[in-house]
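Below, each chain spelled out in residue letters.
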Amino acid sequence: MDQDQKKSAAAEAALAYVEVGDVVGVGTGTTVNHFIDFLGRAKGRIDGAVASSEASAERLSRLGIRLLDLNHLADVPLYVDGADEATSAGYLIKGGGGALTREKIVASASRKFVCVMDNSKLVKMLGAFPLPVEVIPMARSLVGRRLVAYGGLPEFREGFESDNGNVVLDARNLPLSNPHEMEKKINNIPGVVENGIFAERRADILLISGENGVECLET
Ligand code: 5RP
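A quick note: this is a predicted structure, and the numbers were derived from the prediction, not measured. The residue numbers shown here count from 1 along each chain, following its written sequence. Totals for whole chains, interfaces and linings use every residue, but because this is a predicted model, local features are given only for residues with pLDDT of at least 70 and side-chain atom pairs only at 80 or more, for both listing and counting. Processing note: side-chain calculations cover all non-hydrogen atoms of the structure and skip hydrogens and water entirely.

Caption draft 1: Expanded view of the pairing of strand E13 (residues 213-218). In terms of strand pairing, strand E12 (residues 205-210) meets E13 through six bridges, oriented antiparallel. Across the sheet, the residue bridging to Ile-205 is Glu-218, located in E13. Where E12 hands over to E13, the hairpin turn is made up of two residues, counted between the paired strands. For two strands to be treated as a pair, DSSP must find at least two bridges joining them. A run of H or I in DSSP counts as a helix once it spans at least four residues, and a run of E counts as a strand once it spans at least two, with each numbered from the N terminus.

Caption draft 2: How the structure looks around the packing of helix H2 (residues 30-41) against helix H3 (residues 54-62). Between H2 and H3, the least distance of the axes is 9 Å, while the angle of their chain directions is 25 degrees. Regarding the angle of H2 to H3, the classification is roughly parallel. Where H2 crosses over H3, the two elements pack in a sense that is right-handed. Between H2, through Val-32, Asn-33, Ile-36, Asp-37 and Leu-39, and H3, the contact on the second element is made entirely by Ser-56, Arg-59 and Leu-60. Angular values range over 0 to 180 degrees, each being the angle between N-to-C directions of two axes fitted as lines to C-alpha atoms, with helices fitted over their stretch in contact. To sort the angles, those under 35 degrees are grouped as roughly parallel, those over 145 as roughly antiparallel, those from 65 to 115 as roughly perpendicular, and the leftovers as oblique. Should the near helix be turned anticlockwise from the far one by less than a right angle, the crossing is termed left-handed; should it be turned clockwise, right-handed. Any pair of residues with heavy atoms lying within 4.5 Å of one another is described as a contacting pair.

Caption draft 3: Layout of the sheet that holds strand E7 (residues 131-135). Reading across the sheet, the four strands line up as E8-E9-E7-E10 and stay open at both edges, with antiparallel pairing between neighbours. Two strands close off the open sheet at either side, each with one partner strand: strand E8 (153-156) and strand E10 (192-195). The mean angle between the axes of side-by-side strands here comes to 30 degrees, regardless of whether they run parallel or antiparallel. Examined bridge by bridge, E7 and E10 share three bridges and lie antiparallel to one another. Residue pairing in the sheet places Val-133 in a bridge with Asn-195 of E10. Running at roughly 160 degrees to E10, helix H6 (residues 179-187) makes contact with E7 and E10 of the sheet.

Caption draft 4: The arrangement of the site of the ligand in detail. Each residue is tested against the molecule or strand, and it is near if at least one of its non-hydrogen atoms lies within 4 Å. Surveying the vicinity of the ligand reveals 17 residues, the closest of which are Thr-30, Thr-31, Asp-84, Gly-95 and Lys-121. Two N or O atoms form a polar contact when they lie within 3.5 Å of each other; inside protein one atom must be a possible hydrogen donor and the other a possible acceptor, and for residues adjacent in sequence the pair counts only when both atoms belong to side chains. Contacts to the ligand include Lys-121, whose side-chain N or O atom sits 2.8 Å from an oxygen atom. Residues are sorted three ways: Asp, Glu, Lys and Arg are charged, Ala, Val, Leu, Ile, Met, Phe, Trp, Tyr, Cys and Pro are nonpolar, and all the rest, Gly among them, are polar. Grouping the amino acids of the shell around the ligand by side-chain chemistry returns two nonpolar, nine polar and six charged.

Caption draft 5: Spatial organisation of the nonpolar core. Among buried residues, those of type Ala, Val, Leu, Ile, Met, Phe, Trp, Tyr and Cys that are joined through side-chain atoms within 4.5 Å constitute a nonpolar core. For each residue, the accessible area found with a 1.4 Å probe, counting protein chains only, is set against the maximum for its type, and the residue is called buried under 20%, exposed over 50%, and partly exposed in between. Val-18, Val-24, Val-26, Phe-35, Leu-39 and Val-114 are the most contacted members of the largest nonpolar core, which has 22 residues in total. Broken down by secondary-structure element, the contributors of at least two residues to this core are helix H1 (3-14), strand E1 (23-26), H2, strand E3 (76-81), strand E6 (110-118) and E12. Here the element with the most residues in this core is H2; it accounts for five residues. When neighbours within four sequence positions are excluded, Phe-35 is seen to be in contact with Ala-11, Ala-14, Leu-15, Val-18, Val-24, Val-26 and Val-80. Tyr-91, Ala-139, Val-143 and Met-182 belong to the second-largest nonpolar core, a separate cluster that totals 20 residues.

Okay, structure coming up:
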């Protein structure tokens with residue numbers, strides 16, 4: 001089974017969490033693209049979807065899935081998204097695709113966060129994947145210097161603009177043994193919009209696809 005087949009298997013397994021009449025929060029990325037395609041076949045069962053990026057919104061609407069505005073909803077019962085790294089406790093690094101801010105907003109609004117991934121994403125400790133940090137453009141250098149002071153090695157993501165019109169720094173080497181603390185510390189730097197540590201709102205369920213099928217971890 002190649003990596004894309006594993007992503008597809010994890011995405012398909014997430015369909016079991018979709019209940020009739022649900023509003024489904026939808027993440028971003030290649031794993032989620034498979035989920036969107038499966039959701040397209042089950043669209044009659046759901047009320048609609050809240051997208052975490054322009055790319056996912058476009059894919060959802062191409063399949064005829066009704067897009068809903070988060071501001072008009074009291075509740076998002078389910079959020080399905082991928083990750084760049086995940087621990088078995090549900091802590092994540094996200095934002096490889098640069099959609100981390102909207103992803104964190106929809107994840108935080110959701111009652112259940114199901115994270116779908118192939119088994120290469122499961123790690124003992126977060127941090128091998130460079131941490132994406134979304135930044136207001138004028139604060140790029142300031143934020144970069146602060147990340148260096150925290151032990152990081154930030155790199156400007158060249159040629160990338162987020163859906164919110166911001167830039168992204170990818171920081172290697174940050175100490176992430178306490179993900180809650182680092183999530184808050186980075187978000188406290190003026191000019192940071194959001195960072196890709198998902199600790200305050202971690203995943204509730206991990207669906208991890210490997211050679212022998214999809215394993216479900218409740219965190
Ligand atoms: C996008 C994300 C994605 O969930 C993450 O990058 C995983 O992507 P993929 O499913 O393509 O491996 O956080 O901002």
